[in-house]
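As a plain string of letters, each chain reads:
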Amino acid sequence: MSPSTKYTEYDAYAAEEAAEGRVFDVGGQDWDQVVAAAEDLGDERLVVNMGPQHPSTHGVLRLILTLDGETVTECRVGIGYLHTGIEKNMEFRTWTQGTTFCTRMDYLAPIFNETAYCLGVEKLLGITDQIPERAQIIRVMMMELNRISSHLVAIATFGLELGATTVMLNGFIEREYTLDLFEEITGLRMNMAYVRPGGVAQDLPSGALSKIRDYLDRMPKRIQALRKLMDANPVYLARTKDVAYLDLTGCMAMGITGPVLRATGLPWDLRKSQPYCGYETYDFEVATETSADVYGRYLVRMKEMEESLKIVEQCVERLQSVKGPVMIEDKKIGWPAQLAIGADGMGNSPRHIAHIMGTSMEALIHHFKLVTEGFRVPAGQAYTTVESPRGELGVHVVSDGGTRPYRVHFRDPSFTNLQATPAMAEGGMIADVIAAVASIDPVMGGVDR
Amino acid sequence: MGLEEKLPSGFLLTTVEQVAGWARKSSVWPATFGLACCAIEMMATGDPRHDFSRWGMERASATPRQADLMIVAGRVSQKMAPVLRQIYDQMTEPKWVIAMGVCASSGGMFNNYAIVQGVDHIVPVDIYLPGCPPRPEMLLDAILKLHDKIQNTKLGPQRAKQIAELEEAKRRQLPLLGQGTV
Amino acid sequence: MSSQHPEQQAEQAADRVPAPRDADPRELPVARRGMFGARTTGDTSGYGGLVVHKPPKASSPRPYGGPEGAAESGVFDEVADELERVLPEFGDAIERVVVHRGEITFHVRREHLVEVARKLRDEPHLRFELCSGVSGVHYPDEPGEELHAVYHLLSITHNRRIRLEVSCPDADPHIPSIVSVYPTNDWHERETWDFFGIVFDGHPALTRIEMPDDWVGHPQRKDYPLGGIPVEYRGAEIPPPDERRSYV
């Protein structure tokens, strides 16, 4: 069978040939012809599939790379391998239970997911200014600690993907110390569901503040050590400087936010420009760089960790003097129970149980209604944003007046930022694709939700 | 009585099965197969505090062809399922699977259209590890339990017999509740 | 029921009939039936026949105010005035303007979407440089405009946010793509096609993005079941969340 007869059989191929040049149909026997024809054409186009299971794609990301030698001529990104249906699942749970789902989206920044969602619910309820101050401070503190842990993982995995195990080990051990604080405060290392509509789940345990202070003593030195390891490391510089360049125009067109945007020199940080949770009262700086490359993004992340430590320090100071509830006073919204640690783990506090089971029928009914049915949120829609470690995390909350969300949509920064991969990678070396993806720091749980 | 009585001191007697099991368990190479939140905890298991290189596991295998343990760390979506199976097929025998976290074990809280309700629909699972996500210590415990299993794996016809026995035991296992009523 | 006065019965019967739809069929979909949301025999309150309609869809009155309130004219009025000035067909293009919870929503007719978006991006006094993507919402109860696409725009220059909402009927699920204006919407529009089945005309490659290519249906629509399986736990069986008894 000659190639020409084959082409007439498949019209689609003929059309494709017209659009994209010669198409080779390899049947097996004609391999020599194909090779000879390819040599005549003189191109060595190679299509390489990377992922979804690949040690350096930062999760279940799939890259389809067209290579000319070692140069990437075309890069296409395939996602959806971690699609979890979280948004749909939330439509079948109460507003409060929603935090348990959305915390598992961007699993490196759970507190940000929860806070963005809760801010949206609170906006629809119209209770934004009734959230107790202590709850707001705790939220800010947790978010900043989370930012540190997230950036540490970003830098650690970046190192690992470039082949530097030392960076990975150093980053992860520091993250462990941050997670110890989370565990102390929320009971969990990840996926805490700690921030709830109306406040936070529970107050800080006694002794938490002193642990945070120890952490604050230790951490600046450790960040300094990481900087010593990498800031001027010639191998590191060679892999990051002037790699995966994306300027401000590109960022704006692609909708890129977060460290990638700030590495182009634009000091756009929602904590400063559209403050929430009282960020306007904290003293910190927005980290920027002007190099718009991988190294600049790394420097922005390092700087942000240092600024976050400053914010945590101010939070600790305030938490010493600001006492009071951590949940909204309105009993129609605030979760009725106070949690406590018992012999068998965390649960409702014995005092609360004694109250609803022993002394007050009304309290029992109220508890039952609020826990099983939940509260109603007035119909409408709201869009709230927080500055997550990866950029603008937006939540579009729609309510039809019921006890469950009608629709929740998360505008995850990883999803949007990942679109920039072709812009960063095409025309560069294949090894730099890894650096480009890692510098975006996508979290596939957030991308696919 | 037998040969072992006549051996000089300094000799250790064992079976080929035990030697093979010991060799296999002492350096299990996990395939780097992170999916979601659990993958971060799996990586944290490799960090200096938990350090699974104590069991010769720090060499995470980038290619499945040189791996013998697959830690399914996270939720498996319908789109990922065929990929997962292909990776499992690429691994060489003998191979083991740990379903890390509730999502991999049973679908967990994501009982919906997108998630495979337990990775045992796709690949045989040796150890189910609960938790959302499990702590690194829990993963270490699962790995040690797997070591135990590997150590006591039989060879050849003995293995077939062992499988049949396990199968029979499972078949006879009754549900915990409702035994009186059903 | 038989003990009731005939007039009352007639009134109740009239309540059960859907609201008359003469001029605008989209008017007044039902918001709630009964008192406590119970659909079965659970509601013994006597309010089982109650039908609460959604409020009519009307524009918010001027002044629109700003994010902090609508007491006096604010940034939202500035945006609306400027848009009216630069957009000759403003009256045609913008169906309604709704201000709620300190956020302004422009309901745009789909045929004018690209033009509105371009003006919003390019005019110096508007300059909404950043589009935060598109979020689909499915309202099966609103005949003629079941599918909504919601865009959130951000102006970094002026530090403002607005929302555009575009609707299309389920029978003709087409909305023009604004990828030519905001390239960032590439993946977002693919996602909305994947989950809701809205066809974005003019999108460079509108393919599925999250679900496998051969997936049937658009899973986040309201008429698509959640799709869980019953879970057996120690002999007892629990149905998936969407099939459980609920208050909604």
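The structure presented is a predicted model; accordingly, all values stated were derived computationally and were not measured.

Q: Explanation requested: the interface of chain A and chain B in the structure shown.
A: By convention, interface size is frequently given as the accessible area that disappears when the constituent parts associate. With 36 residues of chain A at the interface, the matching set in chain B holds 34 residues. Across the chain A to chain B interface the summed buried area is about 3,000 Å²; carbon plus sulfur atoms make up 62%. For the pair chain A and chain B, the interface holds five salt bridges. Residue Glu41(B) is joined to Arg175(A) by a salt bridge in which the shortest nitrogen-to-oxygen separation is 3.8 Å. Secondary-structure elements contributing two or more residues to the side of chain A that touches chain B are α4 (86-90), α5 (98-102), α7 (133-162) and α8 (165-186) of chain A.

Q: Even after reading the chapter, I still don't get helix α3 (residues 81-90) of chain B, so can you show me in this structure?
A: Every α-helical turn comprises 3.6 residues, leaving residues that sit three or four positions apart pointing alike. Residues and elements named next belong to chain B. Considered for burial, the residues of α3 that qualify are Ala81, Val83, Leu84, Ile87 and Tyr88. Taken end-on, α3 shows its buried residues confined to a sector of 160°, consistent with a single buried face. Taken together, the buried residues of α3 touch β2 (69-73) and β3 (96-100).

Q: Honestly, the interface of chain C and chain A in this entry has me stumped. Any pointers?
A: Counting residues at the interface gives 50 residues for chain C and 52 residues for chain A. Put simply, Arg449(A) and Glu191(C) hold a salt bridge, and the shortest N to O gap is 2.4 Å. Counting across the interface, chain C meets chain A through 27 residue pairs in polar contact (both at pLDDT 80 or more). Elements with a minimum of two residues in the side of chain C that touches chain A: β4 (103-108), β5 (130-138), β6 (147-155), β7 (160-168) and α5 (185-196) of chain C. The element contributing the most residues to the side of chain C that touches chain A is β5(C), with eight residues. Across the side of chain C that touches chain A, the residue classes break down as 24 nonpolar, 12 polar and 14 charged.

Q: Which parts of the structure should I look at to understand the nonpolar core?
A: Core analysis: the largest hydrophobic core is formed by 149 residues, its most contacted members being Met141(A), Tyr194(A), Phe106(C) and Tyr151(C). At 13 residues, α7(A) tops the list of elements feeding residues into this core. Apart from residues no more than four positions distant in its own chain, Phe106(C) is found in contact with Val79(C), Ala80(C), Leu83(C), Ile94(C), Arg96(C), Val97(C), Ile162(C), Arg163(C), Leu164(C) and Glu165(C). Within the second largest apolar cluster, 54 residues are counted, among which are Val153(A), Ala425(A), Val437(A) and Ala81(B).

Q: Please explain the packing of aromatic side chains as it appears in this structure.
A: Residue and element names in this part refer to chain A. Summed over all chains, the structure comprises 10 aromatic pairs over all chains. Seen in terms of ring centroids, Tyr236 and Tyr298 are 5.1 Å apart; in terms of plane orientation they differ by 70°. Their pairing is edge-to-face. With Tyr236 in helix α10 (residues 234-240) and Tyr298 in helix α14 (residues 294-321), the pair connects residues that are 62 residues apart, well separated along the chain. With respect to burial, Tyr236 and Tyr298 carry one shared label: buried. Ring centres of Tyr279 and Phe284 lie 6.1 Å apart, and the angle between their planes is 65°; this geometry places the pair in the edge-to-face category. The burial state of Tyr279 is the same as that of Phe284; both residues are buried. Among the aromatic residues, those joined into a ring-pair cluster are Phe158, Tyr236, Tyr295 and Tyr298. Of note, Arg271 hangs over the ring of Tyr279, and the distance from its end group to the ring centre comes to 6.0 Å. Over the face of the ring belonging to Phe284 we find Lys272, whose NZ or CZ atom lies 4.2 Å from the ring centre.

Q: So what exactly am I meant to see when it comes to the pairing of β4(C) here?
A: Across a regular strand the side chains alternate sides, sitting on one face of the sheet and then on the other. Residues and elements named next belong to chain C. Among the six residues that make up β4, six are buried, leaving the element largely enclosed by the rest of the structure. The alternating pattern of β4 places Glu103, Thr105 and His107 and Ile104, Phe106 and Val108 on opposite faces, both of which are buried. Counting the residues in the hairpin turn of strand β3 (residues 94-100) and β4 gives two residues, including Arg101, whose phi is positive at 50°. Summarising the sheet, β4 and β7 pair through four bridges and their orientation is parallel. If you follow Val108 over to β7, its bridge partner there is Val166.

Quick notes on the rules
Residues numbered from 1 in each chain as written. Chains lettered and ligands numbered in written order. Predicted model: local features only at pLDDT ≥ 70, side-chain atom pairs only at ≥ 80, totals over all residues. Heavy atoms only, no water. Contact = heavy atoms within 4.5 Å. Buried area = accessible area lost by both parts, 1.4 Å probe. Salt bridge = Lys/Arg side-chain N within 4 Å of Asp/Glu carboxyl O. Helix = DSSP H or I, 4+ residues; strand = E, 2+ residues; numbered from the N terminus. Buried < 20%, exposed > 50% of the residue type's maximum accessible area, 1.4 Å probe, protein only. Arc of directions from axis to C-beta. Polar contact = N/O pair within 3.5 Å; in protein donor to acceptor, adjacent residues only side chain to side chain. Nonpolar A, V, L, I, M, F, W, Y, C, P; charged D, E, K, R; others polar. Core = buried A, V, L, I, M, F, W, Y, C linked by side-chain atoms within 4.5 Å. Phe/Tyr/Trp six-rings, centres within 6.5 Å; stacked < 30°, edge-to-face > 60°. Lys NZ or Arg CZ within 6 Å of the ring centre and 35° of its normal. Pairing = 2+ DSSP bridges.

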